[in-house]
Every structure is written in structure tokens, then in C-alpha cells.
Amino acid sequence: QFQGYTDIGRVNMVAQHVKSLNDKITAAEEQARVFNSREALFERELTEYTKIKDIRKSFEPYRNLWLTVSEWLIQYEEWMDGPFSDINAENLEDVVSRFKANIAKAFKSFEKAGNRACMDIAKQIKDSIVAFEPKVPLVIAIRNPGMRERHWEQISALVGKPILVDENFTLKTAFDLNIEQHEAAVCKIGGGAGKEFQIEEKL
């Protein structure tokens, strides 16, 4: 049935279906373990629940694909349009790397199976992750806990526009100001802010 899901626009519905089916498979695996433990208790030959293992093996690529697609789209929207102060710069690089590895694994699984539709969905998300990945150092720089108003004034001078980091400021706002064109300088400002912050903390 999952082979029929080829529309990324239905990701929320499919992801819910994936989670529901995954819970059922997990429950079946747990029940099999319970049955085996009881068989062992009575010194009976252990039953091989091969069908459950086969279902898990067949289902895993779809689970990986659709959960990665769903989680990435949600996470990307939170980063771009959510509160700027909520972005966790410390684990940003690791999170992006995890998404990249998961979607690459999904792509290879469907490439091997010859499932072109699922490959196309995986490629869309892969392209989105690859496009965002080079921006990670910049995001880490401007989300440095040492960033103060004086540092933002320096960035404002670079982009030639005043920057007000308030509750309405988002990562999309920052990118719309074309700070990427001044990546090296912005990263240097963020790095300097981090060093100042460490000194302040020690003091």
C-alpha cells in the first residue's frame, strides 16, 4: 500500500499512517518476545516469527522516508519562520547531518528497489537539505549566545540596512537581508561575540 503514496503534499497524512503502522509492528514484535519467553520457560521449541521480521524489513524504508520528510519539513519551517531565539545553534550541524544521512539512506533503498516515485520524493528533500547545509555556519554565528546589540549594528553596517532583532525577527528575515553575501564577515563577528561572551562568563 505504501508504494501508492507518491504525493509529498500528503506527507502529514502518510506520516500519521506510518507512525500508526510502526506502533502495530512494534507491538507484534513485543508480543513475539513474550511468547518466546514463555516457550523458553516451559522448555518448548521457540517459534520463529519470520513474518513479523519480513514486514519490519519491508516497512523500514518507507518509515525512514516519510518520517524524515515530515520531520524535515516541520523542522525547516520552525527554523525559517519560527522565533529566532528558539533556534538551537549548538546541535544544528548534527541535526542537519542526521537528516542528510537518513534521506540518503532512503534514496538508496528505493533506488535499489527501482521505486522511481519514492526516489523523487527523497530527492526533493535531499535537495532542500543540501541547499540549507551551507547556511549552517552562518546560522550558528548569528545565534551565538554572545551576540549583542553592538554586534548586530556591525552586521547592519555590512548589509546597509538597520536590523532589529525582536520577537518578529526570524531566520527568513535574516536571509532576506542578504547576510549570506557577507558570510565571512558575519561569521567573524559571531566568533568574536562568542569569545567576548566566554570572557564575560568567566568574569
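Position numbers for residues start from 1 in each chain and track the written sequence from start to end. Side-chain atom pairs in this predicted model are given and counted only at pLDDT of 80 or more, local residue features only at pLDDT of at least 70, and totals for whole chains, interfaces and linings cover all residues. To obtain the side-chain values, all non-hydrogen atoms of the structure were included, while hydrogens and water were left out.

(A) Spatial organisation of the packing of helix 3 (residues 92-113) against helix 4 (residues 116-132). Where helix 3 meets helix 4, the axes come as close as 9 Å, and the angle between the chain directions of the two elements is 155 degrees. Our classification of the angle between helix 3 and helix 4 gives roughly antiparallel. The way helix 3 lies across helix 4 gives a crossing that is left-handed. For the pair helix 3 and helix 4, the contacting residues are Val96, Phe99, Lys100, Ile103, Phe107, Phe110 and Glu111 in the first and Cys118, Met119, Ala122, Lys123, Ile125, Lys126, Ile129 and Phe132 in the second. Amino acids are sorted into nonpolar (Ala, Val, Leu, Ile, Met, Phe, Trp, Tyr, Cys and Pro), charged (Asp, Glu, Lys and Arg) and polar (every other residue, Gly among them). In the contact of helix 3 with helix 4, the residues fall into 11 nonpolar, no polar and 4 charged. Each axis is a line fitted through C-alpha atoms, taken for helices only over the stretch in contact, and angles between the N-to-C directions span 0 to 180 degrees. Starting at the N terminus, helices and strands are each numbered in turn, a helix being any DSSP run of H or I of at least four residues and a strand any DSSP run of E of at least two. Roughly parallel means an angle under 35 degrees; roughly antiparallel means over 145; roughly perpendicular covers 65 to 115; every other angle is labelled oblique. Take the far helix as your reference; a near helix turned counterclockwise from it by less than a right angle gives a left-handed crossing, and one turned clockwise gives a right-handed crossing. Here, residues are in contact when the closest pair of their heavy atoms is within 4.5 Å.

(B) Representation of a negative patch on the surface. Each patch groups residues whose relative accessible area exceeds 30% and which form no salt bridge, using 9 Å between like charges and 5 Å between nonpolar side chains of Val, Leu, Ile, Met, Phe, Trp and Tyr. Accessible surface is estimated by sampling points in the Shrake-Rupley manner with a 1.4 Å probe; for residues, cover comes only from the protein chains shown. The term salt bridge refers to a pairing of a side-chain nitrogen on Lys or Arg with a carboxyl oxygen on Asp or Glu at a separation within 4 Å. This count recognises Lys and Arg as positive and Asp and Glu as negative, with His and chain-terminal groups excluded. Where a charge sits is defined by one atom per residue type, namely NZ (Lys), CZ (Arg), CG (Asp) or CD (Glu). A contiguous patch of negative charge on the surface is contributed by Glu77, Glu78, Asp81 and Asp86. Mapped onto the elements, Glu78 comes out in helix 2 (residues 50-81). Glu78 sits in the partly exposed class, given a relative accessible area of 46%. Relative accessibility decides the category of a residue: with a 1.4 Å probe and only protein chains considered, values under 20% of the type maximum give buried, values over 50% give exposed, and everything between is partly exposed.

(C) Here's a closer look at unusual backbone geometry. One non-glycine residue, Glu43, lies in positive phi territory at about 55 degrees. Look at Asn178: it is not a glycine, yet its phi comes out positive at around 60 degrees. When you line up the elements, Asn178 lands in the loop between helix 7 (171-176) and helix 8 (183-202). Classification of Asn178 by relative accessible area gives partly exposed; the value is 39%.

(D) Up close: the environment of Ile8. Along the polypeptide, Ile8 turns up in the segment before helix 1 (11-41). Here the alpha-carbon distance between Ile8 and Asn144, two residues 136 residues apart in the chain, equals 34 Å. Not counting chain neighbours up to four residues away, the residues in contact with Ile8 comprise Trp66, Val69, Ile121, Gln124 and Ile125.

(E) Examining the packing of aromatic side chains more closely. Centres within 6.5 Å are what make two rings of Phe, Tyr or Trp a pair, Trp counting through its six-membered ring; a difference in plane orientation under 30 degrees is then read as stacked, over 60 as edge-to-face, and the rest as tilted. Applying the stated criterion across every chain, the model contains 14 aromatic pairs. Arranged with centres 5.8 Å apart and planes meeting at 40 degrees, the rings of Phe2 and Tyr62 form a pair that is tilted. One end of the pair, Phe2, is in the segment before helix 1; the other, Tyr62, is in helix 2, with 60 residues separating them in the sequence. According to the relative accessible area criterion, Tyr62 is buried, its value standing at 12%. Judged by centre distance (6.1 Å) and plane angle (70 degrees), the rings of Phe84 and Trp152 are edge-to-face. Placement of Phe84 in the loop between helix 2 and helix 3 and of Trp152 in helix 6 (residues 149-159) is noted, with a sequence separation of 68 residues between them. Each member of the pair, Phe84 as well as Trp152, is classed as buried. An aromatic cluster is built from Phe2, Tyr5, Phe59, Tyr62 and Phe110, whose rings are joined through pairwise contacts. In this arrangement the basic side chain of Arg98 is found over the ring face of Phe99, its NZ or CZ atom lying 4.9 Å from the centre. The ring of Phe175 has Lys135 lying over it, and the distance from NZ or CZ to the ring centre is 4.8 Å. Remark: a charge is flagged as sitting over a ring if the NZ atom of Lys or the CZ atom of Arg is within 6 Å of the ring centre and within 35 degrees of the ring normal.

All we've got here are geometric facts, nothing functional implied.
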